[in-house]
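Spelled out from the first residue to the last, the chains are:
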Amino acid sequence: MRYIALINHGCAKNLVDSELMLGKIAENGYKITLDETKADIVIVNTCSFIHDAEKESVESIFEMINAGKKVIITGCLPQKYKKELQELIPEALAFLGTSDIDKIVDVIKKVTKNKETKYEVNEKPEYNYPEDIKRQQITMGASSYVKIAEGCDFKCGYCIIPQLRGPYKSRRIENIVQEAKELAQKGVAEIVLIAQDTTSYGKDIYGKPSLKELLIELNKIEELNWIRIMYTYPSLITDELLQTINELDKVVKYIDVPLQHVSKNMLEAMNRPVMDNKKLIKRIRKFIPNAAIRTTFITGYPTETQEDFEELYNFIKEMKIDKLGIFEFSKEKNTKAWKLKPQILSKVKKQRKKQLMELQQTISKEINEKLKGKKIECIVEAINQDGDVIGRTYKDAPEVDGLVFIKTEQPVNPGDIITVKITGAVEYDLIAEF
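Computed from a prediction, not measured in an experiment: that's the story for all the values here.

Chemist: I'm lost on the sheet that holds strand S7 (residues 143-147) in this one. Help?
Modeler: One key point about sheets: their strands pair by backbone hydrogen bonds, in either a parallel or an antiparallel sense. Read across the open sheet, the 3 strands follow the order S7-S10-S11; overall the sheet is parallel. Of all the strands in the sheet, just S7 and strand S11 (226-229) have a single pairing partner and so form its edges. The average angle at which neighbouring strand axes cross in this sheet is 25°, direction not considered. The sheet contacts of helix H9 (residues 211-218) involve strand S10 (190-194) and S11, and relative to S10 the element is tilted by about 165°.

This is how it looks when you write it as structure tokens:
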């Protein structure tokens, strides 16, 4: 029996796809290893959102080929580059696109029998979540991602996701609830709802956005402690949705709303909703007084003037967002931004990002300092070799936000929700005792 390993790159949505592929592989009797050095076949699930992500994926592919592994390339790279990738990496034995993960076992069978197989990529991806597959989780801890939809119907000027993932496709409420129950019964304390845009959830199958209805059903799961929502779309955040988030006890008071910019000129150039983002932030804080707000901005987008940048800088300075990510614009073929002129010099993009991050560090430190002496709920993530407990507050999403380093004499386990007292603060992390 041959061992199969999988290397995952990219976002949490990719991670779920990887776990679904591993689930299908395991159901068909193959042995899975997390140590690729022991594997005969290595699947590299790739990301192609920006250039740096592509580079990281390609490095993994060649590392495995050079180690003599039989390599199958899946995900965004084959979907984006079609048969060009086959010509560039002829050593790879097979290629699967973003909506072709159900073919993984057939491809493995061919590879193990040395049968000819190369390119299995649907030219027009249309993702259908394989509800019959039980995910084989790569990471099993306090929290787990739950994909509620795939694809995207928006046409943002910088983004190739609709081309890579196809149109928006929601899962049914009952299927999501069932998966969340199973995760909770395995000991997962927090589920993190993900999609390219969670606020559009249900529009394609229920005739209207139905995130509110989904949250109400998920909130009924007894074994679950926290429900976190990521990737909400600014123009779809309704008062009704905010009120629901505030009222449901298990839904953490955390709003992740990627704004991308605040200048009218930039939002129009990006094909994003032109709206008053200050009003949006104030509205969120009105309906959810203790809300932690996360957003992301792109700096150096083509045509961004110094005035546009200063408007963004002043917005961040005034609104004091809790959590902030800044991305330098990455030029991608087949997007509106590819041919948009003038393009911004790399050094200007870097300098603008640096200025915004330095500003945010100061803001984040101020916000964290105000927590000193206060008690706050944390989820236990891990316990290190020194016995120190590492946790996250409700204000912090896994992998992207800060941590809490907790001193305690009491026994705790990953997944426990505990109330700690904050004793110290740095730019992004907190120190506490329990």
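Structure's up, so let's keep going.
Chemist: Explain the packing of aromatic side chains to me, please; I cannot follow it from the model alone.
Modeler: The description of two aromatic rings rests on the distance between their centres and on the angle between their planes. On inspection of all chains with the given rule, the structure shows 6 aromatic pairs. Seen in terms of ring centroids, Phe 297 and Phe 315 are 6.1 Å apart; in terms of plane orientation they differ by 85°. Their pairing is edge-to-face. A residue pair is termed long-range when its members are at least 10 positions apart, and Phe 297 in strand S13 (residues 292-299) and Phe 315 in helix H13 (residues 306-319) qualify at 18 residues. Residues Phe 297 and Phe 315 agree in their burial class; the two are buried.

Chemist: Help me understand the pairing of S11 in this model?
Modeler: On any regular strand, side chains alternate: one points to one face of the sheet, the next to the other face. By the alternation rule, side chains of S11 split into Trp 226 and Arg 228 and Ile 227 and Ile 229, which are all buried. The pairing of S10 with S11 spans 4 bridges and is parallel. Note on S11: the bridge partner recorded for Glu 190 is Trp 226.

Chemist: Help me understand the side chain of His 9 in this model?
Modeler: Residue placement: His 9 occurs in the loop between strand S1 (3-8) and helix H1 (12-27). A distance of 3.2 Å separates polar atoms of two side chains, one belonging to His 9 and the other to Glu 56. In terms of polar contacts, His 9 uses its side chain to reach the side chain of Ser 60, at 2.8 Å. With residues near it in sequence (within four places) discarded, His 9 still touches Asn 14, Val 44, Asn 45, Thr 46, Cys 47, Glu 56, Ser 57 and Ser 60.

Chemist: For this particular structure, what's the right way to read the packing of helix H7 (residues 173-185) against H9?
Modeler: The angle between the axes and the distance between the axes are what describe a pair of packed helices. Two elements in contact, H7 and H9, have axes whose closest approach is 10 Å; the angle formed by their N-to-C orientations is 35°. As H7 runs across H9, the sense of the crossing is right-handed. Mapping the contact onto sequence places Ile 173, Ile 176, Val 177 and Ala 180 in H7 and Glu 213, Leu 214, Glu 217 and Leu 218 in H9. Here the residues of the contact of H7 with H9 are counted per class, giving 6 nonpolar, no polar and 2 charged.

Chemist: Explain the pattern of salt bridges to me, please; I cannot follow it from the model alone.
Modeler: Opposite charge on two side chains permits them to pair, given that their charged atoms come into close proximity. The final tally for this structure, using the stated rule, is 33 salt bridges. The partner of Lys 354 in a salt bridge is Glu 358, and the shortest N-O contact between them spans 2.9 Å. In this pair, Lys 354 and Glu 358 are both assigned in helix H14 (residues 346-369), 4 residues apart and thus about one turn of the helix distant. Take Lys 354: its relative accessible area is 45%, and that puts it in the partly exposed class.

Chemist: Where do I start with H14 in this structure?
Modeler: Side chains of residues three or four places apart in an α-helix project in the same direction, reflecting 3.6 residues per turn. Taking 1.5 Å per residue, 24 residues should reach 34 Å; H14 reaches 34 Å between its end C-alpha atoms and fits that length. Buried residues of H14: Lys 349, Arg 352, Leu 356, Leu 359, Gln 360, Ile 363, Ser 364, Ile 367 and Asn 368, and no others. Those residues of H14 that are buried are in contact with S13, H13, strand S14 (323-328), strand S18 (417-425) and strand S19 (430-433).

Chemist: Explain the nonpolar core here, please?
Modeler: Grouped burial of nonpolar side chains is what soluble globular proteins tend to show. Counting 53 residues, the largest nonpolar core has Ile 148, Ile 191, Leu 193, Leu 215 and Leu 218 as its most contacted members. Of the residues forming this core, the biggest block, 6 residues, is contributed by H7. Ignoring sequence-local partners within four residues, the contact set of Leu 193 consists of Val 146, Ile 148, Thr 198, Leu 211, Leu 214, Leu 215, Leu 218, Ile 227, Arg 228, Ile 229 and Met 230.

Chemist: Got a minute to help me understand the packing of H13 against H14 in this structure?
Modeler: The interhelical angle for the contact between H13 and H14, taken along N-to-C directions, is 10°, at an axis separation of 10 Å. When the axis of H13 is compared with that of H14, the two are roughly parallel. For the pair H13 and H14, the contacting residues are Gln 306, Phe 309, Leu 312, Tyr 313, Ile 316 and Lys 317 in the first and Arg 352, Gln 355, Leu 356, Leu 359, Gln 360 and Ile 363 in the second. Within the contact of H13 with H14, the residues separate by chemical class into 7 nonpolar, 3 polar and 2 charged.

What counts, and where the lines are drawn
Per-chain numbering applies: the sequence of each chain, read as written, is numbered from 1 onward. Predicted model: local features are reported for residues with pLDDT of at least 70 only, side-chain atom pairs are reported and counted for 80 or more only, and whole-chain, interface and lining totals are derived from all residues. Side-chain calculation: all heavy atoms of the structure are included, whereas hydrogens and water are not. When DSSP finds two or more bridges between a pair of strands, those strands are recorded as paired. For helices the rule is a DSSP run of H or I covering at least 4 residues; for strands it is a run of E covering at least 2, with both sets numbered from the N terminus onward. Helix axes use the C-alpha atoms of the stretch in contact, all axes being lines fitted to C-alpha atoms, and the angles between their N-to-C directions lie in the range 0 to 180 degrees. When checking whether two residues touch, look at their non-hydrogen atoms; a contact exists if any pair is within 4.5 Å. Stacked, tilted and edge-to-face are the three classes assigned to paired rings of Phe, Tyr and Trp, where Trp is represented by its six-membered ring and a pair needs centres within 6.5 Å; plane angles under 30 degrees give stacked, over 60 edge-to-face, the rest tilted. For every residue, the accessible area obtained with a 1.4 Å probe (protein chains only) is divided by the maximum for its type, and the residue is called buried under 20%, exposed over 50%, and partly exposed between those limits. For this analysis, a polar contact is any N or O atom pair within 3.5 Å, provided that within protein one partner can donate a hydrogen and the other can accept it, and provided that sequence-adjacent residues contribute only side-chain to side-chain pairs. In this scheme the handedness of a crossing depends on how the near helix is turned from the far one: anticlockwise by less than a right angle means left-handed, clockwise means right-handed. Amino acid classes used here: Ala, Val, Leu, Ile, Met, Phe, Trp, Tyr, Cys and Pro are nonpolar; Asp, Glu, Lys and Arg are charged; the rest, including Gly, are polar. Salt bridges are defined by distance alone: a side-chain nitrogen of Lys or Arg within 4 Å of a carboxyl oxygen of Asp or Glu. For a helix, the expected span equals 1.5 Å multiplied by the residue count minus one. Put simply, a nonpolar core is a bunch of buried Ala, Val, Leu, Ile, Met, Phe, Trp, Tyr and Cys residues held in one set by side-chain atoms that sit within 4.5 Å of each other. Working rule for angles: under 35 degrees goes down as roughly parallel, over 145 as roughly antiparallel, 65 to 115 as roughly perpendicular, anything else as oblique.

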